[in-house]
Amino acid sequence: MAETTDTVIVGAGAAGLFLAARLAEAGERVTVLEAGPERSTQDLISSQIWARKLKWSGPAVEERGNHPVGHAFNAGSGTGGSAVHHYGVWLRLHKGDFTVASDHGVGLDWPFDYEELRPYYDRIQAEVGISGDAEQEIWRPEGAAYPMSPLPIFSQGRVIQKGFAAQGKRTAPLPLAINSRPYKGRASCLYDGWCDSGCPIGALANPLVTWLPRALKAGVTLVHDARVIRVERDVNNPEKIAKVKYLERGSEKTLRAARFIIAAFTVQTTRILLSSADGTTPAPGNRYDQLGRYLTSHPAGTIFGLFESETQPHLGVTGGQLVSHDDYDNKAAAGGFGSSQWIIANAIKPHDLLGYGTSRPDIVGPQVKPWLEKAAKHIGNMTLVIEDIARSENRITLSDSTDRDGIPLAHTYHDLSADLINRWDQRMAEGQAIFRAAGATDVWQGPRVPMHILGGTVMGRDEQSSVTDSFGRVHDTDNLFVAGPSLFPSTGAVNPTFTLTALADRQADHLIG
Amino acid sequence: MSLSRRRVLAGGGTALGTFFIGGHWVKATPKAARERGFTPQVLTATQCGALESVGDALVPGALLAGLAPFIDSQLALGSGSKLIAKYLGVDPLDQQGFYIALADNLITKLALPENTPEQLIGAMATDALTDWMGPPASYAFFVLRADALDVAYGTPEGFATLDIPYAAHIHPEPVW
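Conventions we followed
Residues numbered from 1 in each chain as written. Chains lettered and ligands numbered in written order. Predicted model: local features only at pLDDT ≥ 70, side-chain atom pairs only at ≥ 80, totals over all residues. Helix = DSSP H or I, 4+ residues; strand = E, 2+ residues; numbered from the N terminus. Buried ≥ 20, exposed ≤ 12 C-beta atoms within 10 Å, placed from the backbone. Contact = placed C-beta atoms within 7 Å. Nonpolar A, V, L, I, M, F, W, Y, C, P; charged D, E, K, R; others polar. Pairing = 2+ DSSP bridges. Axes fitted to C-alpha atoms, helices over the stretch in contact; angles between N-to-C directions. Parallel < 35°, antiparallel > 145°, perpendicular 65-115°, else oblique.

A.B. asks: Any chance you could explain the overall build of chain B here in plain terms?
C.D. replies: Scanning chain B for helices and strands turns up nine helices and two strands. Each helix and strand of chain B, ordered N terminal to C terminal, gives the series α-β-β-α-α-α-α-α-α-α-α. Burial status across chain B gives 46% buried among its 176 residues.

A.B. asks: Explain the overall build of chain A here, please?
C.D. replies: Tallying secondary structure elements over chain A gives 11 helices and 17 strands in all. Along the longest, intermediate and shortest principal axes, the C-alpha atoms of chain A span 70 × 50 × 45 Å. Buried residues in chain A amount to 62% of all 513 residues. Contacts in chain A between residues far apart in sequence, at least 24 positions, make up 74% of those at least 6 positions apart.

A.B. asks: Just to check I follow, could you spell out the interface of chain B and chain A for this structure?
C.D. replies: One frequently used descriptor of interface size is the decrease in accessible area upon assembly of the parts. Listed by partner, the interface residues are 35 residues for chain B and 36 residues for chain A. When contributions to the side of chain B that touches chain A are tallied by element, the ones reaching two or more residues are helix 1 (3-9), helix 3 (45-58), helix 7 (117-125) and helix 8 (137-153) of chain B. Top element by residues in the side of chain B that touches chain A is helix 8 of chain B. It accounts for six residues. The class makeup of the residues in the side of chain B that touches chain A is 20 nonpolar, seven polar and eight charged.

A.B. asks: I tried to follow the sheet that holds strand 13 (residues 395-402) of chain A on my own but got confused; where do I start?
C.D. replies: Residue and element names in this part refer to chain A. Read from one edge to the other, the open sheet built from three strands follows the order 3-14-13, with strand pairing classed as mixed. Taken across any chain shown, the strands that pair with only one partner, and hence form the sheet edges, are strand 3 (62-64) and strand 13. The mean angle between the axes of side-by-side strands here comes to 30 degrees, regardless of whether they run parallel or antiparallel. In terms of strand pairing, strand 3 meets strand 14 (residues 408-413) through three bridges, oriented parallel. Across the sheet, residue Glu62 finds its bridge partner in strand 14, namely His411. In this fold helix 7 (residues 266-274) packs onto strand 13 and strand 14, with an angle of close to 70 degrees to the strand it touches most, strand 13.

A.B. asks: I would appreciate a short explanation of the pairing of strand 14 of chain A in the present structure.
C.D. replies: Looking along a regular strand, one sees the side chains alternate between the two faces of the sheet. All names here are of chain A. Pairing analysis gives five bridges linking strand 13 to strand 14, with the strands arranged antiparallel. Looking at the pairing, Ile396 lines up with Thr412 of strand 14. In textbook terms, the turn of a hairpin is the stretch between consecutive antiparallel strands, and for strand 13 and strand 14 this stretch comprises five residues, one of which, Gly406, has a positive phi near 85 degrees.

A.B. asks: Could you clarify how one ought to interpret the pairing of strand 9 (residues 296-306) of chain A in this entry?
C.D. replies: All names here are of chain A. Counting buried positions along strand 9 yields 11 of 11 residues, so the element is predominantly enclosed. Here seven bridges tie strand 9 to strand 12 (residues 379-386), and the two strands are oriented antiparallel to one another. Within strand 12, the residue paired with Thr302 across the bridge is Thr383. By the bridge criterion, four bridges tie strand 9 to strand 15 (residues 442-445) in an arrangement that is antiparallel. Counted as the bridge partner of Gly305 is Val443 from strand 15.

A.B. asks: How should the environment of Arg64 of chain A be read in this particular structure?
C.D. replies: All names here are of chain A. The topology assignment puts Arg64 in strand 3. Taking the number of C-beta atoms within 10 Å as the measure of exposure, Arg64 has 11 and is therefore exposed. Sequence separation of Arg64 and Gly36 is 28 residues, and the distance between their C-alpha atoms is 25 Å.

A.B. asks: Which parts of the structure should I look at to understand the packing of helix 4 (residues 114-128) of chain A against helix 11 (residues 497-512) of chain A?
C.D. replies: Two measures define how a pair of helices packs: the angle their axes make with one another and the distance between the axes. Residues and elements named next belong to chain A. Interhelical geometry of helix 4 versus helix 11 gives an angle of 105 degrees and a closest axis separation of 8 Å. As summarised for this structure, helix 4 and helix 11 are arranged roughly perpendicular, according to the angle between their axes. In this structure, helix 4 uses Leu117, Tyr120, Tyr121, Arg123 and Ile124 to contact helix 11, whose residues at the interface are Phe498, Thr501, Ala502, Leu503, Asp505 and Arg506. Partitioned by chemical class, the residues of the contact of helix 4 with helix 11 number seven nonpolar, one polar and three charged.

A.B. asks: Looking at this structure, I do not really get the packing of helix 3 of chain B against helix 8 of chain B. What am I missing?
C.D. replies: All names here are of chain B. One can describe the packing of helix 3 onto helix 8 by two numbers: an axis separation of 9 Å at closest approach and a directional angle of 80 degrees. With respect to helix 8, the axis of helix 3 lies roughly perpendicular. Across from Leu51, Val54, Gly55 and Leu58 in helix 3, the residues of helix 8 making contact are Leu144, Arg145, Asp147 and Ala148. Looking at the contact of helix 3 with helix 8, its residues break down into five nonpolar, one polar and two charged.

A.B. asks: What's the story with unusual backbone geometry in this structure? I'm lost.
C.D. replies: If a residue is not glycine, its phi is most likely negative; likewise, a peptide bond is most likely trans. Residue and element names in this part refer to chain A. The residue Tyr191 is not glycine, and still its phi comes out positive at about 60 degrees. Inspection of the secondary structure puts Tyr191 in the loop between strand 4 (172-173) and helix 6 (211-217). According to the C-beta neighbour criterion, Tyr191 is buried, with 21 such atoms within 10 Å.

Printed below as a string of structure tokens:
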């Protein structure tokens, strides 16, 4: 491998591999450093136990606050990053998500509006393929129609849909980056509910089947088990980064480049930048003490219920079958604060963290098997996602503890405000009512859990209140960029992979020129 | 639905772990490892016994499905452990200590004449135990119950007992 290249990208996840492909296709020499192991689709074994291999397996991340971010569950490891085990729920942010601070006096605004990102949403959606029905999503911001018709609605979805209708609420097919028909050489979905373990057939748009083949074809060099320690400034021009230091199977190595893009997912991206302070110069992006701030994570929760009719809960996809954004746009509605969405009728298994067996720890002993047998035929579930609001005190910092290589661990602190917790409580109570209206005979809910991790290196218009500009360039460093969800100034209440990919597409256009 | 496509994809799995049985390392399911008298690598036999007796009280069938060899073999993998504790705030490198402490707590409690495994799990669930050392008993209860669900119902065989079609894209190897 050459010791100098055009662009080094840290992280082979959704953003990193996408940018690698775009830049290499434009003629650049690109090297991607990935902390985890090499993976292929043949590693995506249909088992919730095996799937734990896909999750974060690097040094521990310390977590504090009233809503810890759940790094080990939300982060990934290896080729494709966390997007290998993402559920393919690809929704656009709403217009109001870009102007939270201006509209409500809390959180942060994006440095541009929805109209700026819209063409990138449209372009990525055509390239990846999304199955859905834009007309039924009456709350959806303007944009091109989806290229594929929706995935089918199975019994579970139809049963729960009745509860929404009874409560005067609307649903639409959930837009998914999962093929309802063969699309651009990728197979259509089999509806067997193994998305959570990674989709080896290529129906779900994980980076192993979307960006990786393009990146490799364009000549990208991919280095695995390469854990980045820090980037270092050019001694002759401190406004530039000269090299990256990393550990490859225990040996420290150096790589020089003209440009560096850190796309190592929220916590590790910030950890790398924080570790790059050099004693006389603050860490990149941290002259105004902004680096690591505005860490966010969606508060989520699951409603469960048992129905008289059979629901076939093993059928479908992990992400769900239907969506409701009826309450999304009125962030300041009484009862709390923040947008919310329901993703409805997730395919579900009897065990694992999100399984129905785990959801009822009160059922033990001889009652377990008959209860599981009933649930396997009659359970329904849906997931609430609540917006998080960026707060400066929610922050990623370096721990005083180090890993076995002497590298400081990342420390995270994340609190939810009372307004957001109230909104979560309010919507979960409404969710239980929806299930009862649908005819559920037994209704219960799971705990409040963190879903997705964002922020820490947020975009903004000035260095005093953000880490990067709108293209992800670190304010105080000419050739250092960030990509991925750590850039998000606000979260909305939607899953972030579509938006982070559209954002990376906009970055790529800017970098290629 | 395309069963032939699934068949084409089958066989990509690799062994989840191996067990030391009769002086040799062999691939076996946790169930077979228990039946054949596996030698634990991290836990003691007494600790294994405590975990599986309480785990079986939580989820009947977990003992015979191989709860103890499942936990012990995963702990032996260190950072590669696939135990659910990884998701619940117990870093894989800290899991050995977590389970040893849990097992030792159970051994102490089960030695008391008033405690059967069934009585013990009720007290664990509500943190009603005195002199419980380490992470809260209710947390340990949740983790051990989730492990028991994994080993008893988280496999193709477990799905079959619940009459759930497994319908794998890539089958996990039957030998763990």
